[in-house]
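Analysis of the macromolecular model
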Amino acid sequence: MALTRLNTNAYGSTINLTSNVTGTLPSANGGTGATSFNSAGLVLISNTTVASAGTLDINDLFSSSYVNYRVIGSGLNQATDNTPWVFQLRTDSAVTNTAYWWAGVGQRDGGSAVDDGETDVSDWRIMGNNANTGQALNFDMVIYKPQVSGHYTSYTCTAGGRRSGGGGQDLVCGGYQNTTTQFTGLRFLCDSGNVSAGNILVFGIRDS
């Protein structure tokens, strides 16, 4: 039997339980089927543990299945103190090491401002001056349209963690790749020395 309204107080007022409901009521409640919900959200594509190496390549990430992608890094460390974490885009056959543009702002230590950026360089910045202890880097980024034909792939990233010398730091940055190449994967690395620990998750962002 379908339930449509319910007395709620001593004054005899009623609330129509279906007034703010969209979709179809389940058949158990007198409807014809289950309500259809919006399926937008994140779909996990890759879960990678960082091992000690000069670079970390994660392949076969980007396809026509999703337009945009979310990447989350946690507990990242590197072997060399006081060096930036960066990343590059790659195709099935090669890493692209030219035509990256980016800019970022942040804070360090007791509140000193960070204002940084580069033009037409070999990689995109995640965060610089990272310590080599204490799970120094964590980040949350979105990569936009890496597989959409005719588009310049771009990114935004918020990163934070432990600075060389023990202070806290954060950086909010973004940029674009000045080609319309369609990319399939990522390479993570440090400006100096090996990456050594941490975890990187890559999600496709569902838009329907």
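Scope of this entry: the structure provided in the associated data block. (Residues numbered from 1 in each chain as written. Predicted model: local features only at pLDDT ≥ 70, side-chain atom pairs only at ≥ 80, totals over all residues. Heavy atoms only, no water.)

1. Some details on the environment of Met141
Counted only if it meets this: Put simply, DSSP marks the helices as runs of H or I at least four residues long and the strands as runs of E at least two long, and each gets a number from the N terminus on. Throughout, a residue-residue contact means that at least one pair of heavy atoms, one from each residue, lies within 4.5 Å.
Within the secondary structure layout, Met141 lies in strand S10 (residues 137-144). Between the alpha carbons of Met141 and Tyr69 there is a distance of 8.4 Å; along the sequence they are 72 residues apart. In this view, Met141 contacts Tyr69, Arg70, Val71, Phe87, Ile126, Thr156 and Cys157; residues no more than four positions away in its chain are not counted.

2. Points about the side chain of Thr184
Put simply, the rule is: Think of it in three bands: residues with accessible area under 20% of the maximum for their type are buried, residues over 50% are exposed, and the middle band is partly exposed, with areas taken using a 1.4 Å probe on protein chains only. Nitrogen and oxygen atoms within 3.5 Å of one another constitute a polar contact, given that in protein one can donate a hydrogen and the other can accept it, and given that sequence-neighbouring residues count only through two side-chain atoms.
For Thr184, the position within the fold is in the loop between strand S12 (168-177) and strand S13 (185-190). When its relative accessible area of 12% is taken as the criterion, Thr184 is described as buried. One polar contact links Thr184 to Asp92, side chain to side chain, over a distance of 3.1 Å. Other than its neighbours up to four places away in sequence, Thr184 contacts Asn59, Asp60, Leu61, Phe62, Arg90, Thr91, Asp92 and Gln147.

3. Focus on the nonpolar core
Defined as follows: Among the buried residues, those of types Ala, Val, Leu, Ile, Met, Phe, Trp, Tyr and Cys that are joined through side-chain atoms within 4.5 Å form a nonpolar core.
Grouped together as the largest cluster of nonpolar side chains are 33 residues, with contacts concentrated most on Val71, Phe87, Ile126, Phe139, Leu186, Phe188 and Ile200. Top element by residues in this core is S10. It accounts for 4 residues. Look past the residues within four positions of Leu186 in its chain and what remains in contact with it is Leu56, Asp57, Ile58, Leu61, Phe62, Val71, Phe87, Gln88, Leu89, Arg90 and Ile143.

4. A look at the sheet that holds strand S9 (residues 124-130)
Test applied: Paired strands, as defined in this entry, are two strands with at least two bridges between them according to DSSP. Note on definitions: angles span 0 to 180 degrees between N-to-C directions of axes, and those axes are lines fitted to C-alpha atoms, for helices only across the stretch in contact.
Strand order across the open sheet formed by 4 strands is S4-S13-S6-S9, with antiparallel pairing between neighbours. Lying at the two open borders of the sheet, with one neighbouring strand each, are strand S4 (55-58) and S9. Across the sheet, the mean angle separating the axes of adjacent strands is 15° when strand polarity is ignored. Taken together, the 6 bridges between strand S6 (residues 83-90) and S13 define a ladder with antiparallel strand orientation. If you follow Trp85 over to S13, its bridge partner there is Cys190.

5. With respect to the packing of aromatic side chains
Rules: Any two rings among Phe, Tyr and Trp, with Trp reduced to its six-membered ring, count as a pair given centres within 6.5 Å; such a pair is stacked if its planes are under 30 degrees apart, edge-to-face if over 60, and tilted if neither.
One pass over the structure, following the stated rule, counts 10 aromatic pairs. Considering the side-chain rings of Phe87 and Tyr155, the 5.2 Å spacing of their centres and the 85° angle between planes classify their relative orientation as edge-to-face. Within this pair, whereas Phe87 is found in strand S6, its partner Tyr155 is found in strand S11 (residues 154-162), the two being separated by 68 residues in sequence. For Tyr155, a relative accessible area of 1% corresponds to the buried category. Ring-pair connections join several aromatic residues into one group, and the members of that group are Phe87, Tyr100, Trp124, Phe139, Tyr155 and Phe188.

Shape is all these values report; function is a separate question.
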